[in-house]
Amino acid sequence: MKETVSVLVSQQDIEKRMDELAAQIMKDYEGKKIYMLCILKGGVIFMVDLARKLEMEVEFDFMDVSSYGNAMESSGRIEVRKDLQESIEGKHVLIVEDIIDTGRTLDFLIQNLKQRNPASLKICTLLDKPEQRVVDIKVDYVGFDIPNKFVIGYGLDYAQRYRNLKYIGVLKIEE
Ligand code: PRP
C-alpha cells in the first residue's frame, strides 16, 4: 500500500487564517475570560496555536469524544473517553475542534455541555466539511470550508499518524 499526501491548506494559509480568527475572537470576547475546550486528539495543535495568538485570559480543558476509531468514515457512535476536569458553570466555553464532518460529535457535545450551565457556549473549528453534515449545528468560527476528501495533518490523523504535519494534506492510499 502506498500513501501519498498532497497539500490542501498550506502552513502559511493556516497561519494567516488563525490571525484573522484570533482577532475576531478577541473582539467578541472583550472583557471576558475564555474557557478553551479542546476535543482530543485532533484539536490539540489548533488549540495551542490559536491560544498563543489570543492576547487575553484563557483557560484550557480537554475532552476526548471519539467516533471514528481507525476508520476513514464516521461510525456515528459517540463515546466519552475523557471528561472535563472542572465545572464549566458560568464560564465562557469555546469548543475547539480540528474538523466537523457529520456534526454528530458536536451535536452530542453541545447537548452534554449545555446541561452544565456555561455562561456561553461557542464552537471554533479549523476545518468544516459542510457537504457531509447530517446534524444541523451552528458553528461560530470556521477556518476553512473544505471538500469531502480524507484530510490529515495539523492535528488530523490516519491511524494515529500524520498529526504533526504543519499543513493540511489530502491522503491517497493506493494498492
Ligand atoms: C474527529 C474530529 C471530530 C469528529 C468530527 O475526531 O476531531 O471530533 O471526528 O466528526 P463528526 O462531525 O462526523 O462527528 P476523531 O473521532 O477522528 O478523533 P481524534 O480527533 O482523536 O482523531
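Look above for the structure.
Heads up: these notes are all about the structure in this document. As the structure is a computational prediction, the values presented were derived from the model and not from experiment.

## Describing the packing of aromatic side chains
One pass over the structure, following the stated rule, counts two aromatic pairs. For the pair phenylalanine 60 and phenylalanine 62, a centre-to-centre distance of 6.4 Å together with 80° between the ring planes defines the contact as edge-to-face. The exposure class of phenylalanine 62 is partly exposed, given its relative accessible area of 25%. Measuring from ring centre to ring centre gives 5.9 Å for phenylalanine 150 and tyrosine 158, while their planes differ by 85°; the resulting arrangement is edge-to-face. Of the residues examined, tyrosine 158 reaches a relative accessible area of 16% and is grouped as buried.

## Some details on the pattern of salt bridges
According to the stated counting rule, one finds 13 salt bridges in the structure shown. A salt bridge links glutamate 3 to arginine 161; its shortest N-O distance comes to 3.0 Å. Of this pair, glutamate 3 sits in strand S1 (residues 2–9) while arginine 161 sits in the loop between strand S8 (151–152) and strand S9 (168–174), placing them 158 residues apart in sequence. For glutamate 3, a relative accessible area of 28% corresponds to the partly exposed category. With a shortest N-O distance of 2.9 Å, lysine 53 and glutamate 15 are connected by a salt bridge. On the criterion of sequence distance, the pair formed by lysine 53 in the loop between helix H2 (44–51) and strand S3 (58–66) and glutamate 15 in helix H1 (residues 11–28) is long-range, its members being 38 residues apart. Judged by its relative accessible area of 17%, lysine 53 falls in the buried class. Owing to a relative accessible area of 40%, glutamate 15 belongs among the partly exposed residues under this scheme.

## Looking at the pairing of S9
Of the strand pairs in this sheet, S1 and S9 are connected by seven bridges, and their pairing is antiparallel. Among the inter-strand pairings, valine 7 is bridged to a residue of S9, identified as glycine 169. Both S8 and S9 contribute to a ladder of two bridges, which runs antiparallel. Opposite valine 151, over in S9, you have valine 170 as the bridge partner.

## A look at unusual backbone geometry
Backbone torsion omega between leucine 40 and lysine 41 reads -10°, so that peptide bond is classified as cis. Position of lysine 41 relative to the elements: it lies in the loop between strand S2 (34–40) and H2. The phi dihedral of alanine 159 falls on the positive side, at around 50°, and the residue is not glycine. Tracing the sequence through the fold places alanine 159 in the loop between S8 and S9.

Cut-offs and rules
- Residues numbered from 1 in each chain as written.
- Predicted model: local features only at pLDDT ≥ 70, side-chain atom pairs only at ≥ 80, totals over all residues.
- Heavy atoms only, no water.
- Phe/Tyr/Trp six-rings, centres within 6.5 Å; stacked < 30°, edge-to-face > 60°.
- Buried < 20%, exposed > 50% of the residue type's maximum accessible area, 1.4 Å probe, protein only.
- Salt bridge = Lys/Arg side-chain N within 4 Å of Asp/Glu carboxyl O.
- Helix = DSSP H or I, 4+ residues; strand = E, 2+ residues; numbered from the N terminus.
- Pairing = 2+ DSSP bridges.

Geometry only, nothing functional implied.
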